[in-house]
Amino acid sequence: MSTQQASFVRASMIEASPAPVLESGAVFWLRKNLFATPKDTALTIISLLVLAWLVPPAIQWLFIDAAWTGGGRGVCATLSQGGSQPEGWSGACWAFVNAKFDQFVFGRYPLEERWRPALVGILFVLFLVPMLIPKIPNKGFNAILLFVALPIIAIILLPGGWFGLTYVETALWGGLMVTLALSFVGIAVSLPLGILLALGRRSDMPVIKMLCTVFIEIVRGVPLITVLFMASVMLPLFLPQGVTFDKFLRALIGVSLFASAYMAEVVRGGLQAIPKGQYEGADSLGLSYWQKMNLIVLPQALKLVIPGIVNTFIGLFKDTSLVSIIGMFDLLGIVRLNFTDTNWASAVTPLTGLIFAGFVFWLFCFGMSRYSGFMERLLDKSQR
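About the criteria used
Residues numbered from 1 in each chain as written. Predicted model: local features only at pLDDT ≥ 70, side-chain atom pairs only at ≥ 80, totals over all residues. Heavy atoms only, no water. UniProt positions renumbered as here; feature names shortened; annotations may be inferred. Disulfide = S-S within 2.5 Å. Helix = DSSP H or I, 4+ residues; strand = E, 2+ residues; numbered from the N terminus. Buried < 20%, exposed > 50% of the residue type's maximum accessible area, 1.4 Å probe, protein only. Expected span 1.5 Å × (residues − 1). Bend = angle between axes of the 7 residues up to and from the residue. Core = buried A, V, L, I, M, F, W, Y, C linked by side-chain atoms within 4.5 Å. Domains from an automatic or database assignment. Contact = heavy atoms within 4.5 Å.

In the nomenclature of an unreviewed UniProt entry, the chain is known as General L-amino acid ABC transporter membrane protein of Sinorhizobium americanum. What the UniProt record of the chain gives under Sequence similarities (unreviewed entry) is the line "Belongs to the binding-protein-dependent transport system permease family. HisMQ subfamily."

This is the structure:
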């Protein structure tokens, strides 16, 4: 008697089984990132203990015991200090920040004219956001609005003196307005100028190479505070009698030139990282020098040095505080200036103001850092 073995053919795929509990979810993440080795476990426990020691008192001081409203120093001082708080009280004086907030943003800009910097700020956000979102089309038009139309509008509105607008001298400008203005102009000028300086330093023309090298090394060899001091104090001594430049304009030029020297070295690092074959391939296609740079070399070089470029932008944003050396008040400068207001003089007012200024600087710098990471991932073709 013969037996016949029937073959079995599966008509559908087996459903994927869920990952083991220890290989997915929160438990897996904790074991992999925080408790992978005995050393990681020890560091994690130490970090948690430090956070448990620091965070609750910080939250208590910053939020729970803080004085949020009030009209003077009394809400931020104890009874023995002439205030209304009980003895032993200590907390953040956010009432001071709330009362001085407009001044922190606009400086000493006249109250009735503050709609002008506010309008410029709104236009800046409206023009900047489409540039930062890759999926929004018409980047060329957006660039014209941001880098051509906006500066023209700002030149008309901020100082005034045009179309019946009251003239406001730059000595009255201050606060976040000055910080953002210096940063925007410095970033917008330093990147293209830095690219030209980097190309010039790698040029085969001796004179161009020498001039770019000398400029970069001289500017990088001195502190920014020296550049600002020279632009504000020494430059007028070399000008003809009766010829002068606005102090804010001198700061803009000094900050832009200083940042461009650092930017040039960042870009030069990207140019040196491009393989020689890319240059030779472009030459074999008969491309001119500028076609080769614009179409082949620079797009790859700039992508490689995005972290360095954004790092220079962040440093420039924070360095704007040094304009206080020439008598201008950025965000940090105007906050410190208000410490002298006797109506808000208390033991906790300076620390609260500095924390506020530090948080605003961190917010902008962190935003630039995160956007830099986003662009790196977007342009990294190797991960696709």
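Following the structure, the description resumes.
Peer 1: I would appreciate a short explanation of the state of the cysteines in the present structure.
Peer 2: On inspection of all chains with the given rule, the structure shows one disulfide. Two residues share a disulfide in this structure: Cys76 and Cys93, whose sulfurs sit 1.8 Å from each other. Here Cys76 and Cys93 share a disulfide; its torsion about the S-S bond, 75 degrees, makes the bridge right-handed. Taken together, the residues Cys76 in the loop between helix 2 (38-64) and helix 3 (94-106) and Cys93 in the loop between helix 2 and helix 3 connect sequence positions 17 residues apart. The pair Cys76 / Cys93 is uniform in exposure class, with both members buried.

Peer 1: Can you walk me through helix 6 (residues 176-201) in this structure?
Peer 2: Because the α-helix completes a turn every 3.6 residues, residues three or four places apart line up on one side. Between the first and last C-alpha of helix 6 there are 36 Å, a value that for 26 residues agrees with the 38 Å anticipated at 1.5 Å per step. At Ser190, helix 6 shows its maximal kink, close to 30 degrees; a proline, Pro192, follows between one and four residues later.

Peer 1: Sorry, what's going on with the nonpolar core here?
Peer 2: Burial of nonpolar side chains together is a common tendency in soluble globular proteins. Formed by 32 residues in total, the largest nonpolar core has its most connected members in Trp173, Leu182, Leu228, Phe248 and Val323. Counting only elements with at least two residues in this core, the list comes to helix 3, helix 4 (115-132), helix 5 (139-157), helix 6, helix 8 (224-234) and helix 9 (247-273). Per element, the largest residue contribution to this core is seven residues, and it comes from helix 9. In terms of domain composition, this core takes at least three residues from each of domain 1 (111-168) and domain 2 (187-383). Among all residues touching Trp173, those that are not within four sequence positions of it are Phe106, Tyr109, Leu158, Pro159, Val168, Val178, Phe248 and Phe329.

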